[in-house]
Structure formats: C-alpha cells, structure tokens
Amino acid sequence: MSRSQLEKISIADVPNSNGAFDYYNTFSVVQEGSDEASRQVLSIEPSATPIIEDGQSIIMTKNYDLTVSGLFKKETISGLQTLADNRTDVVFGGFGLGGQILQMDGKLNLGQVLSETASFRFNSPREAKGGYDVNDSTLTPVYNGSGKHSAELCYSTNGLAMYKWQEGSTSGLAAGWTKTNGSASWDSSNEEQDFTYSGAQTAKLHRDLFLPCDGRTIYFHVDMTAASITTGANIKIEAFSNYGGVNVGTADTETIPNGSTATLTASMVVPDTAKMIRVSINIGQDDTISFKNPTVQLDSTYNFVEFNT
C-alpha cells in the first residue's frame, strides 16, 4: 500500500518516573561525512490477499513495519541487541520527509550482524486492522475503547494522532492525555474536552512526545471553544533532555484569554539536546475551559488530522 522514508528517528526506553532514559539513541538518513548513517522506512501493506465482496476489495488486516538499515558501531549494535533480547517495550519517534511525525510503540527485531562495523538492519513489525480502538455506544454493555491506534503507531502531520480525539478509557478524559488536578469531563455532543478547577494550585492536562529533536520548530495548536478565566490559563510547549526532569531550550507559553474561542498556538525551537517534548493546557483557581482537536505539527498552519490508515 505505501512505503515512506523518514529523515530521522529516535528510540527511547522510557523509565517509570522522571529521570534518565534507560536507553535513547537516534538514527538519521545518509549524509556526506556522517557517522553511522542509516535509512528508515515505514511500510504499510495488506497482510493477505484482499477479500472481494460486491465488487469491493476488503482488507481485513495490514502489516505495519519500521525498518532501519545502515552502518553501525559495535556499541550501537550491542545496545540494540539488549533491547531485542529483553523484548523491551520502546517508543519510536521520527520525522518524515513531508512534515509527518512518527510516534510508535513496540519491540525490536534484529537482522544479521556481519562485522563489528557493518551493514546491519533492525525492524519493528506488527499486524493490525488499522484505525482506532473507538467507543461504541450501540453495544450492550457500551464499549469504552482506549482510543489508541490499533497498530500502536501514527505517521501523520499531527503528532498527537496516536490517539483518536475521543473520550478515553479514563472517564471524562480525552484519550492519551494525563491529568494533574482539576476536573475533566467529556462533551460527547460537541466532541470537546471540558476542564475546570476550584483548588489553589495549577491544574494541567498534558501529552508527551519522544522525538529525535534537532533544532527545528515544533507547534502546538489548540482549538478553544469556551474559556471562563478568573486566575489565569495557558497552553505550553516545553522540551526535556531526560524524561520530564530537565528542561532545555526556551519553552513557549501562550495565554488563554477570557472568553476565547480562537485557535491558539504555542511554538518553540527544540534544541538537539532534547529527547522529548511536553505539550500542556494549564488552568488556575476557578478557571473553566473547553477545547477540541489539538495538534502537534511541524507547520505553523493549524490542520487537525487523524491517522485512520
């Protein structure tokens, strides 16, 4: 069905709490004079011959695979070998050649090692039906889906598209988001996230993306639909050199005005010392907001899309 080359990827073994990654490395396309240059290809193909029904081809499942090949040093191969042998769950991040952002969960399989520094290949295959694990109110009992893509990956101009914009398995909270303080409720009629707080501290909703940061600008867009602001609220993008502990670069915070129904944007130049970014929506005491369809993009023009492949 499709093959796409990625400019650069990262692999992160994310710890259970703030601090150093248990493993982190980046792999990038061939460039003159570069060390350990590699080629990264994401492929999506039918897993079997499509079923023909009423003249239409029906694909039941698909094979998704990220394959990386190149010249790697002995220590790089050793680190990858440990991940593969231990069947470690890792997070892949990446940038495509057309503004796409890769987010992908999975494990590694290794190819043949020919010498201490030689052509070497690893991949992360999986079979899935495609699309998202969605909610279904027509079932009895009602099915509450996780919202996550069935292949545990997204390759889209919206880096948040690993999860569908819907209520997740945590009641009231958008799929994939984490809440600190406050009260979140899901407005199913308008597909909006409502968020309010009466406490004295700050309340936050956030998402993390693990990426091969390299100095490019990343944009966080949020479509506000309502805002009653008493104390102060904002959207924010920030970067970390480890898992959520040490900030690097200059974070950007954009105020949510009282009564806002605009699309707000925060952006930052993410330095190559960063290993992850965090986007968040923050409110104060007696603040209430509603929003929908947030995106993380490499483009300053807001464009909400999902990864339904």
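Remember, it's a predicted structure, so these values are computed and weren't measured experimentally.

Caption draft 1: Here's a closer look at helix 1 (residues 74-85). Taking 1.5 Å of rise per residue, the 12 residues of helix 1 would be expected to cover 16 Å, and the 16 Å separating its terminal C-alpha atoms lies within 8% of that figure. All of the buried residues in helix 1 are Thr76, Ile77, Gly79, Leu80, Leu83 and Ala84. Relative to the axis of helix 1, the buried residues are bounded by an arc of 160° and lie together on one face. Of the exposed residues in helix 1, those oriented more than 90 degrees away from the buried face are Lys74, Glu75 and Asp85. Backbone geometry just after helix 1 places Arg87 at a positive phi near 50°.

Caption draft 2: Layout of the nonpolar core. By size, the foremost hydrophobic cluster in this structure holds 40 residues, and its most contacted members are Trp177, Phe220, Ile256, Ile277, Ile281, Ile289 and Val296. Every element with two or more residues in this core is listed here: strand 13 (183-187), strand 14 (192-197), strand 15 (203-210), strand 16 (217-228), strand 17 (234-240), strand 19 (263-269), strand 20 (276-283) and strand 21 (287-297). Setting aside residues up to four positions removed in sequence, Ile281 forms contacts with Trp177, Phe195, Ala203, Lys204, Leu205, Phe220, Val222, Asn234, Ile235, Ile256, Ile289 and Phe291. Of all hydrophobic cores here, the second largest spans 31 residues; its members include Ala84, Ala128, Leu153 and Cys154.

Conventions adopted
Residues numbered from 1 in each chain as written. Predicted model: local features only at pLDDT ≥ 70, side-chain atom pairs only at ≥ 80, totals over all residues. Heavy atoms only, no water. Helix = DSSP H or I, 4+ residues; strand = E, 2+ residues; numbered from the N terminus. Expected span 1.5 Å × (residues − 1). Buried < 20%, exposed > 50% of the residue type's maximum accessible area, 1.4 Å probe, protein only. Arc of directions from axis to C-beta. Core = buried A, V, L, I, M, F, W, Y, C linked by side-chain atoms within 4.5 Å. Contact = heavy atoms within 4.5 Å.

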